[in-house]
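Notes for the structure review
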Amino acid sequence: MPQEIKGRIFNIQRYSIHDGPGIRTIVFFKGCFMRCAWCCNPESQNKEIEEIIEKDKIKTVGKDVTVADIMPEILSDLPFYRRSGGGVTLSGGEILCQADFARELLKACKEEGLHTAVESASSASFSEIEKILPYVDLYLMDIKHMDSVKHKEYTAVGNERILENAKKIAESGVELIIRTPVIPGFNDTPEEIKAISQFAKTLKGVNEHHLLPYHRLGSDKYAGLGRNYSLKEIEPPSREKMEYLLSVAEASGLKCKIGG
Amino acid sequence: MENIKFVIEKSSRIEKLINNLYEKMPEIESSRGKLVTESYKMTEDLPIIKRRSAAFAHILRNIPIVIRDNELIVGSATIAPRGCQVFPEYSYEWLLSELDTVSTRSADPFYISEKTKAELREIYPWWKGKTTSDLAKANMAPEAYEAFTEHAVFTPGNYFYNGIGHVCVDYGKVMKIGYRGIIKEAEDALNKLEISDGDYVSRSNFLYAVIESCEAVIEYARRYSALAKDMASKEANPERKRELEIISRNCARVPEFGATSFYEACQTFWFIQLLLQVESSGHSISPGRFDTYMYPYFKKDIDAGKITYEQAQELLDCLWVKFNDINKVRDAASADGFAGYGMFQNLIVGGQNIHGMDSTNDLSYMCIEAAMHVPLPQPSISIRVWNGSPEPLLIKAAALTRLGTGLPAYYNDEIIIPSIMARGLTLEDARDYCIIGCVEPQKAGKTDGWHDAAFFNMCRPMELAFSNGYDKGKKIGPDTGDVANMKTFEEFYEAYKTQQSYMIKLLVNANNAIDMAHMVRCPLPFQSCMVEDCIGRGKSLQEGGAIYNFTGPQGFGIANNTDGLVAIKKLVFEEKRFTLAELRDALKSNFGYGIKGAQAERLTTEIATELVKQGVNINEDAIRVIYDEVTNQSSLSADVKARYKEIKRLIEEESPKYGNDIYDVDMFARDVANSYTKEVEKYKNARGGIFQAGLYPVSANVPLGASTGATPDGRLAYTPLADGIGPASGRDIKGPTATANSVAKLEQGVASNGTLLNQKFHPSALAGMSGLTKFVALIRSYFDQKGMHVQFNVVTRETLIDAQKNPEKYKTLVVRVAGYSALFTTLSRSLQDDIINRTEQGW
């Protein structure tokens, strides 16, 4: 029975209003191919179940669940999805690390008539992406940098496969939005943002590019996991800076905005 | 871009009016107190209803009047801005004993001059034994009086010490026919009476009192007309001179005659609103469906080109400022419960009309705009929401919510209409409901709702279940058995319900005793003449003159009791982690943490006093021993204390909590709520009406929490109780949708006197049009599930903490407290902390 596939998740967050249309529930998958230095969910990176210290208390991060285990919680906000045009978003971690589970979960959501979205950096073989595409209404894809060397330096992987996948996902006809976390010192020059925006513009059917300003809300978690946060010195970009980068991105002709 | 309707430029006059109002600390004045005493002394041979109208007339003829700089709408109860008058006919002892401390207390301080103090000290002795409060006490069963005064199980203190208020009169009628028209109605009614009728005396006395009151109001307006004329003649600035001349003309015409323009309608409205609060000290005098009854005057002027939207908005804004010119001094304890100079003047827009169609009009939007232009606590603006509410109205309302003043509150037609119909309202009347005070629905102009009749602390019967009815060494509740002998959860739950039902009986006695006192000593002819069918029946509202009569006492503590009972069921009876007797002892010792600070001193005094009563000789050393025991519990071993702390931890960590969308727990909460609401509705009141429960604490969850010991949900002694029908502070960890789902499981319709759900949001959750749209969807989804009311504080935790540290920087920071908004810096420290600690839904 496919329903019995287990997935490893670390959180289900209800009333999320920044990742897709309407009021949404986000299911966070555990495990990621990349190691972005700014990651605000560092507890999502390792596939292994681990412990984090939060407010002096030890908390276990990660739990194995079946689709049937988590559907009731997802469905309990149905009145809110209906009123707001919301639904479910799968995020991570990297959902493509567990594409089979993601597919089953998305399929179950579609069977309930829910709007589905995924957030993914898509650094995986396209065969994994193909597994989920039939059940995805909105694909939120991160493109962080056009220069593969710099990409690898900050995220531990190059960007070749990502850019290739972006084209294929766009070709598939799914609604695709490109998102870029704006990280000072990594990709916050107008040239870097402009390059991403122009690439996004070449993707078939893509109309939107969102710029997500770097924030430090996850920085305390690094200490809780006994890890070092390498971006300690970095300040979030100013509002003016973001507005400027927005105007740069908009020059591509895409609909751009700050935030998800 | 955000597309928000009716964004209208704010007149520069408004800021000046606000600054003038908030320049100084509010002041207590003595003129009304002196005048009412003078009049009462002269009318000892008259029936009470005529003494009331004579006193009202005497006050209106002689009270000093003032037109403040830049005002377009005039009429003030006091010379000092935001000042207050006193009402010795209701009670006075508390103020007499607090005269020297009222200006320095933490909650709602008032300046009072030495001269005023001396004047009040002179008039007060005459009132001894003559107040409503004196009679209420005499009327009340001793055990009910003690449950209220000694044991704080419930407190009807509001009406025990003050007028009733809590009414929405028929403003529209006065706009239409003026007080001259109402006098005519009373005269017609008089003409229909035969002097041989059995009730001729009482009816005619009432009608004469109505006529005298209305004449006095007309005369009062004429005084303003004369003052404005006089000021105009001396005014050098030609623009202001013209304004004063118009004011003079307005006040010569209204409220004697029907209003002929929007401006006159606004001035009429204000005289009604003001004078209701001069006749009696009752708060929650609510304007109700202002957008509905004001609209014809607005529409006529707009259509005729006599007024622009900007001019109409300026008049509304001026009114909004005036709402904050009315003030009330309460005793120190009540001031904690109603903190923030609350006047609870609830003004509601939108919703269905009597035909079941949407009633939203331009004024609905402009009222919200006024609340944006005048970010002050009054009036409490509310929005009626139903399936057919236009989205732009709710978006506009959400944009107001985002400003962070805690306004507006949202109400759900789809549950309130059937809920009050079940209490006997006709369909048309139910569709025309408005909100009184905090959250209480009523049909305006036809109801004496006695909303807010008392706060009932549902955690106290829970304590009594543990103590077998004992409190402070005295048996005050029924025998429900020793918890050590209880074999099942049901046995304990039943004990709680038995204690609660008995206390509700006492509450009903207390309410009816107070009701009778107002009926006999303070009938209100002016207020009554604007409520149907007082003139027809020839009796005042207080004597049962209204079509609909209710008494609505409100319970709170649902979340604490639910979490406690769930913990007892699971940890004591199912898992046997500790026994009920152990839990009882743990609660007594505050889970091994002892009692600290002022509460420790109070308890020490209580114990010492009790020992002295029993003939024990107490010296300083003995007091030290008692104090040490209270604070450190030296007689308990470290092991026992550790065990009690472990019990608290188990309750906190291993028992599910209300507010997280857990079906079984939420259904438990429903049953707990019903144990109060369905008991209360069994009783009848003194005016021929029925009791109906509300579920909301205003801000009494803090002061009444301070007289409640540790509770089985793990809450420490004397800390705040859960507010409203929401989860206990900080225990809802699944976000606002889960909270809404939980709270919607309560049978809110049975609480037809209103329910209250507070939510706190971070401003980022309402950012941009998309934030507003999603916020509106959240409200609608809660209401789809039959939620009755919801309100929001939108402010960052950091802002509130900074305001605590630097109050001078945040003089006008308004936050939602409970059913109302207040200036944050005027709240007591503990209430500030409570607001800061409410879970912030910020993602």
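Residues numbered from 1 in each chain as written. Chains lettered and ligands numbered in written order. Predicted model: local features only at pLDDT ≥ 70, side-chain atom pairs only at ≥ 80, totals over all residues.

Details of the overall build of chain B
When you go through chain B residue by residue, the secondary structure sums to 33 helices and 18 strands. Its C-alpha atoms give chain B a radius of gyration of 27 Å, near enough to 28 Å, the size a compact globule of 843 residues would have. Projected onto the principal axes, the alpha-carbon positions of chain B cover approximately 85 × 70 × 50 Å. A total of 843 residues make up chain B; the buried ones form 59% of that total. A fraction of 79% describes how many contacts in chain B between residues 6 or more apart in sequence connect residues 24 or more apart. (Helix = DSSP H or I, 4+ residues; strand = E, 2+ residues; numbered from the N terminus. Rg over C-alpha atoms; globule rule 2.2 N^0.38 Å. Buried ≥ 20, exposed ≤ 12 C-beta atoms within 10 Å, placed from the backbone. Contact = placed C-beta atoms within 7 Å.)

Considerations on the sheet that holds strand β11 (residues 255-258) of chain A
Residues and elements named next belong to chain A. With mixed pairing, nine strands are arranged side by side in an open sheet as β5-β1-β2-β6-β7-β8-β9-β10-β11. Each edge of the open sheet is held by one strand with a lone partner, namely β5 (63-66) and β11. Ignoring which end each strand starts from, the neighbouring axes of this sheet average 30° apart. Looking at chain direction, strand β7 (residues 115-120) and strand β8 (residues 138-142) are connected through four bridges and run parallel. When the bridges of β8 are listed, Ser120 appears paired with Met141. Most of the contacts of helix α9 (residues 239-250) go to strand β10 (residues 208-213), to which it runs at about 160°, and overall it touches β9 (175-182), β10 and β11. (Pairing = 2+ DSSP bridges. Axes fitted to C-alpha atoms, helices over the stretch in contact; angles between N-to-C directions.)

Looking at the interface of chain B and chain A
Facing the 17 residues of chain B at the interface are 12 residues of chain A. At the level of secondary structure, the elements contributing two or more residues to the side of chain B that touches chain A comprise α30 (736-744) and α31 (768-784) of chain B. Here the side of chain B that touches chain A is composed, by residue class, of six nonpolar, six polar and five charged. (Nonpolar A, V, L, I, M, F, W, Y, C, P; charged D, E, K, R; others polar.)

As for the packing of helix α1 (residues 67-75) of chain A against helix α3 (residues 99-111) of chain A
Residues and elements named next belong to chain A. Look at α1 against α3: their axes get within 11 Å of each other, and the N-to-C directions meet at 45°. Taken together, the axis directions place α1 and α3 in an arrangement best described as oblique. Along this stretch, α1 crosses α3, giving a crossing that reads as right-handed. Between α1, through Val67, Met71 and Ile74, and α3, the contact on the second element is made entirely by Glu104, Leu105, Ala108 and Cys109. Residues that form the contact of α1 with α3 fall into these classes: six nonpolar, no polar and one charged. (Parallel < 35°, antiparallel > 145°, perpendicular 65-115°, else oblique. Left-handed = near helix turned anticlockwise from the far one by under 90°.)

Looking at the nonpolar core
Residues and elements named next belong to chain B. Within the largest apolar cluster, 323 residues are counted, with the highest numbers of intra-cluster contacts made by Val217, Leu315, Leu319, Cys367, Ala371 and Ile558. The element that contributes the greatest number of residues to this core is helix α21 (residues 489-521), accounting for 15 residues. Excluding anything up to four places from it in sequence, Cys367 contacts Phe290, Asp291, Leu316, Leu347, Val349 and Ile381. (Core = buried A, V, L, I, M, F, W, Y, C linked by C-beta atoms within 7 Å.)

With respect to helix α3 (residues 48-62) of chain B
Residues and elements named next belong to chain B. Here α3 spans 21 Å end to end across 15 residues, near enough to the 21 Å set by a 1.5 Å rise per residue. Those residues of α3 that sit buried are Ile49, Arg51, Arg52, Ser53, Ala54, Ala55, Phe56, Ala57, Ile59 and Leu60. In this structure, the buried residues of α3 make contact with α2 (31-42), α10 (200-234), α12 (262-279) and α22 (525-528). (Expected span 1.5 Å × (residues − 1).)

Notes on helix α6 (residues 160-172) of chain A
All names here are of chain A. Taking 1.5 Å per residue, 13 residues should reach 18 Å; α6 reaches 19 Å between its end C-alpha atoms and fits that length. Every buried residue of α6 is listed here: Ile162, Asn165, Ala166, Ile169 and Ala170. Taken around the axis of α6, the buried residues stretch over an arc of 135°, which confines them to a single face. Along α6, the residues that are exposed and aim more than 90 degrees away from the buried face are Glu160, Glu164 and Glu171. (Arc of directions from axis to C-beta.)

Regarding the environment of Glu94(A)
Relative to the helices and strands, Glu94(A) resides in the loop between β6 (87-91) and α3. If near-sequence neighbours (up to four positions away) are discounted, Glu94(A) is found in contact with Phe29(A), Gly31(A), Cys32(A), Phe33(A), Met34(A), Ser120(A) and Ala121(A).

A word on unusual backbone geometry
All names here are of chain B. For the bond running from Gln378 to Pro379, omega is -10°, close enough to zero to count as cis. By the element assignment, Pro379 lies in the loop between α16 (362-373) and β3 (380-385). Here the bond from Glu532 into Asp533 is cis, since omega is 5°, no more than 30 degrees from zero. For Lys472, which is not a glycine, the phi torsion comes out positive at approximately 50°. Looking at the secondary structure, you find Lys472 in the loop between β9 (470-471) and β10 (474-475).

Focus: the environment of Ile514(B)
Residues and elements named next belong to chain B. Looking at where Ile514 falls in the secondary structure, it is placed in helix α21. The class of Ile514 is buried, set by 29 C-beta atoms lying within 10 Å. C-alpha of Ile514 to C-alpha of Leu135: the two residues are 379 residues apart in sequence and 7.7 Å apart in space. Aside from chain neighbours lying at most four places away, what touches Ile514 is Ala136, Pro156, Tyr159 and Phe160.

Considering the confidence of the model for chain B
In low-pLDDT segments, the atomic positions of the prediction should not be examined closely. Looking at chain B, the pLDDT average stands at 94 and 98% of residues meet or exceed 70. Model confidence for the complex: the whole-complex pTM is 0.93, and ipTM, which rates the interface, is 0.90. (pLDDT = per-residue confidence, 0-100.)

Details of the environment of Gly7(A)
When you line up the elements, Gly7(A) lands in strand β1 (residues 6-16). For Gly7(A), the residues in contact, after removing those within four places along its chain, are Phe29(A), Val65(A), Gln98(A), Phe101(A) and Leu105(A).

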